[in-house]
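Each chain is listed here by its residues.
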Amino acid sequence: MKRTSRSAFHAFAVLFAVASVTSASGAAADDGSGPFGVTAVAAATVPTARVGALFAGGRRFCTASVVHSPRHDLVITAAHCLDRTGDAEVDFAPGYRDGKAPYGVWRLGRRFLPQAWVHGRDEDSDVAFAVVAAGRGGRGQGGRVEDVVGGNRFVAGMATGATAVTVTGYPNARPAPIVCTDKPTPHGRRQQRVECPGFSGGTSGSPWINGDGAVVGVLGGHDGGGATADVSFSVVFGVEAAGLYREAGRASPR
């Protein structure tokens, strides 16, 4: 689980100032938005509306995002986010900021965690999916979540660092999501890492979106996603994650 430190918030404040004056021209067309390695407050856009905060008992604790699925009702996050809630009711608020949920609040239904995580807390299996029921409030009144905010494609088997990734997440201590783009590098065969400052507690489960607009990682994995706020990890999506995605995509909410 991500930890928060004073140095991380100081770094975020400095880099946010830099982000406001730095050109995005440093990133190639297939690398996502730039500049690299700079964290800033995420603007309210169509892509960021697909990312939201998770709540349990009224408390914000992790990040999740909508992925495309046959039933248009699937979110992806880290396994350690859903595992720690047990049987508690969990809500997803896409596009959440400043205490408001403009696209409604969506109750998580069935949850899908890899067997290697369930039985051994294997950090190489720290990814999970959940089916969501109809939303309430905002634009989430009725319908399915992907029909309201859209969904990113899920892709497994992508080479680490083939393009940069854009990471969007919800630090518990901030009222709005943050975003950073950088090129991930391998951390062993089944993990990847990215250097983006300010991703502290609450950002576990943040999607890693590549230059083609596909989810290729979620913040988690090694050391619960990272022992500091400045370096984050994700599992490398392979056969296990792809199978879990297919299983979840066929499931009903309950």
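Residues numbered from 1 in each chain as written. Predicted model: local features only at pLDDT ≥ 70, side-chain atom pairs only at ≥ 80, totals over all residues. Heavy atoms only, no water.

Here's the deal with the overall build of the chain
Helix and strand counts for the chain stand at six helices and 15 strands. Across the chain, contacts joining residues at least 24 apart in sequence account for 70% of those joining residues at least 6 apart. With an accessible surface of roughly 10,300 Å², the chain has 53% of that area assigned to carbon and sulfur atoms. (Helix = DSSP H or I, 4+ residues; strand = E, 2+ residues; numbered from the N terminus. Contact = heavy atoms within 4.5 Å. Areas by Shrake-Rupley, 256 points an atom, 1.4 Å probe, with all protein chains shown as cover.)

Let's talk about the nonpolar core
With 24 residues, the main nonpolar core has Leu54, Phe61, Val75, Leu82, Phe92, Leu108 and Val145 as its most contacted residues. Elements that contribute at least two residues to this core include exactly strand S2 (51-56), strand S3 (59-67), helix H3 (79-83), strand S5 (90-94), strand S6 (106-112), strand S7 (128-132) and helix H5 (145-149). Ranked by residues supplied to this core, first place goes to S3 with four residues. Those residues within four positions of Val75 in sequence are excluded, and the remaining contacts are Ala64, Ser65, Val66, Val67, Phe92, Leu108, Ala128, Phe129, Ala130 and Val132. Residues Val127, Val215, Ala241 and Ala251 belong to the second largest nonpolar core, which totals 18 residues. (Core = buried A, V, L, I, M, F, W, Y, C linked by side-chain atoms within 4.5 Å. Buried < 20%, exposed > 50% of the residue type's maximum accessible area, 1.4 Å probe, protein only.)

Points about empty space enclosed by the protein
Here the structure, examined in full by the defined rule, presents one cavity of 30 Å³ or more. Approximately 100 Å³ is the volume found for the largest cavity. In this structure, the largest cavity is lined by 15 residues; those nearest its centre are Met158, Ala159, Thr160, Gln192 and Val216. In terms of residue class, the lining of the largest cavity is built from nine nonpolar, six polar and no charged. (1 Å grid on protein atoms, 1.4 Å probe; cavity = no way out; pocket = protein on both sides within 12 Å on 5 of 7 lines; lining within 4 Å. Points joined across faces, edges and corners; volume = space filled by probe spheres on them. Nonpolar A, V, L, I, M, F, W, Y, C, P; charged D, E, K, R; others polar.)

Quick word on the confidence of the model for the chain
The pLDDT averaged across the chain works out to 86; a share of 84% of its residues lies at or above 70. Long-range and interchain partners of residues 4-30, a stretch whose pLDDT sits below 50, account for 36 contacts in this model, where long-range means more than four residues apart. (pLDDT = per-residue confidence, 0-100.)

Concerning the packing of aromatic side chains
Under the counting rule described, the total for this entry stands at six aromatic pairs. Considering the side-chain rings of Phe55 and Tyr96, the 5.1 Å spacing of their centres and the 70° angle between planes classify their relative orientation as edge-to-face. Here Phe55, found in strand S2, pairs with Tyr96, found in the loop between S5 and S6; they are 41 residues apart in sequence, far enough to count as distant. Assigned by exposure class, Phe55 and Tyr96 land together as buried. Ring geometry for Phe154 and Tyr245: centres 4.7 Å apart, planes at 25°, overall stacked. With Phe154 in strand S8 (residues 153-154) and Tyr245 in helix H6 (residues 239-250), this pair connects stretches of sequence that are 91 residues apart. (Phe/Tyr/Trp six-rings, centres within 6.5 Å; stacked < 30°, edge-to-face > 60°.)

What to know about the state of the cysteines
Taken as a whole, this structure holds two disulfides when the rule is applied. Two residues, Cys62 and Cys81, share a disulfide whose sulfurs are 2.1 Å apart. Residues Cys62 and Cys81 share a disulfide whose torsion about the S-S bond is about -80°; that sign makes it left-handed. Here Cys62 is found in strand S3, whereas its partner Cys81 is found in helix H3, with 19 residues between them in sequence. (Disulfide = S-S within 2.5 Å.)

A closer look at the sheet that holds S5
Around the barrel, six strands lie side by side as S2-S3-S4-S7-S6-S5; this closed barrel has antiparallel pairing. Averaged over all neighbouring strand pairs, the angle between strand axes comes to 45°, with direction disregarded. Strand direction decides the pairing type here: S2 and S3, joined by six bridges, are antiparallel. Within the sheet, the bridge partner assigned to Gly52 lies in S3 and is Ala64. Packed onto the sheet, H6 meets S3, strand S4 (74-77), S6 and S7 and runs at close to 10° relative to S7. (Pairing = 2+ DSSP bridges. Axes fitted to C-alpha atoms, helices over the stretch in contact; angles between N-to-C directions.)

Things to note about the sheet that holds strand S13 (residues 207-210)
Strand order in this open sheet of six strands is S1-S10-S9-S13-S14-S8, and the pairing throughout is mixed. The sheet terminates laterally at strand S1 (39-41) and S8, the two strands that pair on one side only. Here strand S9 (residues 165-169) runs beside S13; their pairing, made up of three bridges, is antiparallel. Each bridged residue has a counterpart across the sheet, and for Val165 the counterpart in S13 is Asn210.

Considering the side chain of Glu146
Tracing the chain through its elements places Glu146 in helix H5. Here the side chain of Glu146 touches His68 through a polar contact of 2.5 Å, side chain to side chain. Each residue touching Glu146, except ones within four places of it in the same chain, is listed here: Val66, Val67, His68, Ser69, His72 and Gly151. (Polar contact = N/O pair within 3.5 Å; in protein donor to acceptor, adjacent residues only side chain to side chain.)

Section: the pattern of salt bridges
The final tally for this structure, using the stated rule, is six salt bridges. Where Asp73 meets Arg71, a salt bridge forms, and the shortest distance between an N and an O atom there is 3.4 Å. Overall, Arg71 belongs to the partly exposed group, its relative accessible area being 25%. With a shortest N-O distance of 3.1 Å, Arg121 and Asp83 are connected by a salt bridge. Of this pair, Arg121 sits in the loop between helix H4 (115-120) and S7 while Asp83 sits in helix H3, and the two are 38 residues apart along the sequence. (Salt bridge = Lys/Arg side-chain N within 4 Å of Asp/Glu carboxyl O.)

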